[in-house]
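# Commentary on secondary and tertiary structure
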Amino acid sequence: MNVDDHAEELASDLGVDKAEVKENLQNLVEYSVPLEEAKRSLRRKYGDDDGAPSGGPTAVDIADVDTDSGNVTVTATVLTAGKRSIRYQGDDHVIGEGELADETGRISYTAWEEFGLEPGDTVTIGNASVREWEGSPELNFGESATVTTADGDIGVAAEVGGDRDLAALSAGDRGRNVEAVVTEVEERTIDGRDGETEILSGVLGDETARLPFTDWDPHGEIEAGASVRIEDVYVREFRGVPSVNVSEFSTVERLDHEVEVGGPTRMAIRDAVARGGAYDVELVGSVIDIRDGSGLIKRCPDCGRVVQTGQCRQHGAVEAEDDLRVKAVLDDGTDSVTAILDRELTADVYGGTLADAREQAREAMDHSVVADTIAEDVVGREFRVRGHLSVDEYGANLETIAFAERDDDPAARAAAFLAEVDA
């Protein structure tokens, strides 16, 4: 049954307008309330208290929970517990979220009511529904669920508490705590759910990694260069990499010591691509080609997209502006990525300015000569490339922030490799 069918069945049972029920049901489902929980919520809203499912929920181990489990009862230890505000049906609603574990496995959860869960608590959660979240099953429980303290130790091997290094964070994490340096930060104004909203965005760094962050409720402690401890953050994917999200429920305090920041993570291209993306990564490989769309290009003055034959895909016919860009195919023998160089890096590789590129193209009466000049200088040579890797349906692309020819001796590297093999 689809939402429309469920709405029709509910409207018939409750004796209310189907369109109204459908709108309310869709709102709940769109904000990740499990369908059965949403239906029970609407039954209670319209005064029908007979919305409980027939029969008791099945008690299961976490390892046996899947998206087809229906309603279940689990006994588990709370690993992490965070809070976040969402909006559905026009109202702000605070949810609890985090991770649970028993001796068989671990699972994320969303609590639609306040149950007072704290890391280290061992509880029995009755009548929890299951949905898919970030590709895995997740427990959801609200008014119709019961949460009681469980007796005894259930032997959880997983780490209790949310402290993590930046390199250990993954999209979907909730209730995490980090200690990091604010390496970059800027104030931005966005169109939020209540109109124009001020936020902070930038980059956090520790010894293990650097990651982008957004502070949705700007905290004064988050300043450039500050070493901070941030508790109760959640993690989402941004351009293929984990992004730290700081909310109104997060706490931020200055540390009395400085957090050391490590350099870029050196990786083989195959490993970086297999992760689905990586922030502040260093790749080393040979440039084997310069792709179309390199050299002297034209961009839309409104959105910055590349313009072809005077047409922007979004804005139609525009007075395009000249720019420089390189799309270099980097290969290290394990895989390849496209390293995208901005105007400044492209000018360094080209050995000239945007004005120089215009002049060369004008003399040759051909824009492609700029890309040809760049290709002559870089194809077949080996480079260290630092940047942010994203992987999507269009392939693996590296937003490049540093591009330099590898300067060590190939013969020395070959000798070291052979010595390692012999050993």
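Structure first, text after, so check above.
Everything in this summary refers to the structure shown in the same document.

Conventions and cut-offs
Residues numbered from 1 in each chain as written. Predicted model: local features only at pLDDT ≥ 70, side-chain atom pairs only at ≥ 80, totals over all residues. Heavy atoms only, no water. Salt bridge = Lys/Arg side-chain N within 4 Å of Asp/Glu carboxyl O. Helix = DSSP H or I, 4+ residues; strand = E, 2+ residues; numbered from the N terminus. Buried < 20%, exposed > 50% of the residue type's maximum accessible area, 1.4 Å probe, protein only. Phe/Tyr/Trp six-rings, centres within 6.5 Å; stacked < 30°, edge-to-face > 60°. Pairing = 2+ DSSP bridges. Axes fitted to C-alpha atoms, helices over the stretch in contact; angles between N-to-C directions. Parallel < 35°, antiparallel > 145°, perpendicular 65-115°, else oblique. Contact = heavy atoms within 4.5 Å. Nonpolar A, V, L, I, M, F, W, Y, C, P; charged D, E, K, R; others polar. Core = buried A, V, L, I, M, F, W, Y, C linked by side-chain atoms within 4.5 Å. Arc of directions from axis to C-beta. Polar contact = N/O pair within 3.5 Å; in protein donor to acceptor, adjacent residues only side chain to side chain. Disulfide = S-S within 2.5 Å.

## Regarding the pattern of salt bridges
Enumeration over the complete set of coordinates arrives at 24 salt bridges. Among the salt bridges present, the one from Glu 223 reaches Arg 254, with a minimum N-O distance of 2.5 Å. With Glu 223 in the loop between β10 (210-215) and β11 (227-238) and Arg 254 in strand β12 (residues 241-254), the pair connects residues that are 31 residues apart, well separated along the chain. Since its relative accessible area comes to 41%, Glu 223 is described here as partly exposed. Arg 254 gets classed as partly exposed once you look at its relative accessible area, which sits at 44%. For Glu 382, the salt bridge is made with Arg 406, and the minimal N-O distance between the two is 3.6 Å.

## Observations concerning the packing of aromatic side chains
The tally for this structure, following the rule as stated, stands at three aromatic pairs. Both rings, one in Tyr 109 and one in Phe 141, keep their centres 5.9 Å apart while their planes meet at 25 degrees; by these two values the pair is stacked. Here the residue Tyr 109 occupies a position in strand β4 (residues 105-111), and Phe 141 occupies one in strand β6 (residues 136-141), the gap between them amounting to 32 residues. Its relative accessible area of 2% is what places Tyr 109 among the buried residues. Aromatic side chains Phe 383 and Phe 403 sit 4.4 Å apart centroid to centroid with 20 degrees between the ring planes, which places their arrangement in the stacked category. One end of the pair, Phe 383, is in strand β20 (residues 382-392); the other, Phe 403, is in strand β21 (residues 395-405), with 20 residues separating them in the sequence. Chaining the aromatic ring pairs together yields one cluster made of Tyr 109, Phe 115 and Phe 141.

## Observations regarding the pairing of β20
Both strand β14 (residues 277-290) and β20 contribute to a ladder of eight bridges, which runs antiparallel. For Leu 283, the partnering residue across the bridge sits in β20 and is Val 385. Sheet analysis places β20 next to β21, joined by ten bridges and oriented antiparallel. Following the sheet pairing, Phe 383 is matched in β21 by Glu 405.

## Things to note about the sheet that holds β11
Reading around the circumference, β8-β9-β10-β12-β11 is the order of the five strands in this closed barrel, with mixed pairing throughout. The average undirected angle you get between the axes of adjacent strands in this sheet is 40 degrees. Looking at chain direction, strand β8 (residues 176-192) and strand β9 (residues 195-205) are connected through eleven bridges and run antiparallel. The residue of β9 that forms the bridge with Asp 191 is Glu 196.

## With respect to the packing of helix α6 (residues 354-364) against helix α7 (residues 368-378)
Packing of α6 against α7 brings their axes to within 8 Å, and their N-to-C directions diverge by 115 degrees. Comparing their axes, α7 and α6 come out roughly perpendicular. Facing Ala 357, Gln 360, Ala 361 and Ala 364 of α6, the residues of α7 in contact are Val 369, Val 370 and Thr 373. For the contact of α6 with α7, the residue count by class is five nonpolar, two polar and no charged.

## Remarks on the nonpolar core
With 34 residues, the main nonpolar core has Leu 283, Val 287, Val 337, Val 370 and Leu 389 as its most contacted residues. Ranked by residue count, the leading element in this core is β14, at five residues. Core analysis: the next-biggest nonpolar cluster, separate from the first, contains 22 residues, Ala 209, Ile 230, Val 241 and Val 246 among them.

## Observations concerning α6
Within the span of α6, buried status applies to Leu 354, Ala 357 and Ala 361. Along the axis of α6, the buried residues cluster in a sector spanning 60 degrees; they form a single face. Summarising the geometry of α6, the exposed residues directed more than 90 degrees from the buried face are Arg 362 and Glu 363. Along its buried surface, α6 packs onto β15 (295-299), β18 (321-331), α5 (343-350) and α7. For α6, the N-terminal cap is Thr 353; the gap from its side-chain oxygen to the backbone nitrogen of Ala 355 is 3.3 Å. Count one or two residues on from α6 and you reach Met 365, which has phi positive near 55 degrees.

## Notes on the state of the cysteines
Per the counting criterion, the structure on display carries zero disulfides. Cys 300 forms no disulfide, and the closest cysteine sulfur to it belongs to Cys 312, at a distance of 3.8 Å. Cys 312 takes part in no disulfide bond, and the closest cysteine sulfur to it belongs to Cys 303, at a distance of 3.6 Å.

## Structural notes on the packing of α5 against α7
α7 packs onto α5 with a crossing angle of 70 degrees between their chain directions and a minimal axis gap of 9 Å. What the angle tells us is that α5 and α7 run roughly perpendicular. When α5 is examined against α7, the residues Thr 346, Val 349 and Tyr 350 are found in contact with a partner set consisting of Val 370, Thr 373, Ile 374, Asp 377 and Val 378. Each residue belonging to the contact of α5 with α7 can be placed in one class, and the counts come to five nonpolar, two polar and one charged.

## Things to note about the side chain of Ser 243
Within the secondary structure layout, Ser 243 lies in strand β12. Classification of Ser 243 as buried rests on a relative accessible area of 7%. When neighbours within four sequence positions are excluded, Ser 243 is seen to be in contact with Pro 212, Phe 213, Tyr 234, Val 235, Arg 236 and Phe 238.

## Side note on the pairing of β11
Counted residue by residue, β11 has nine buried out of twelve residues, so it is predominantly covered. Pairing analysis gives six bridges linking β8 to β11, with the strands arranged antiparallel. Note on β11: the bridge partner recorded for Val 181 is Ser 227. Sheet topology note: the β11/β12 ladder contains ten bridges and is antiparallel. Note that in β12 the partner of Glu 237 across the bridge is Pro 242. Taking the residues between adjacent antiparallel strands as the criterion, β11 and β12 are bridged by two residues, where Arg 239 takes a positive phi near 55 degrees.

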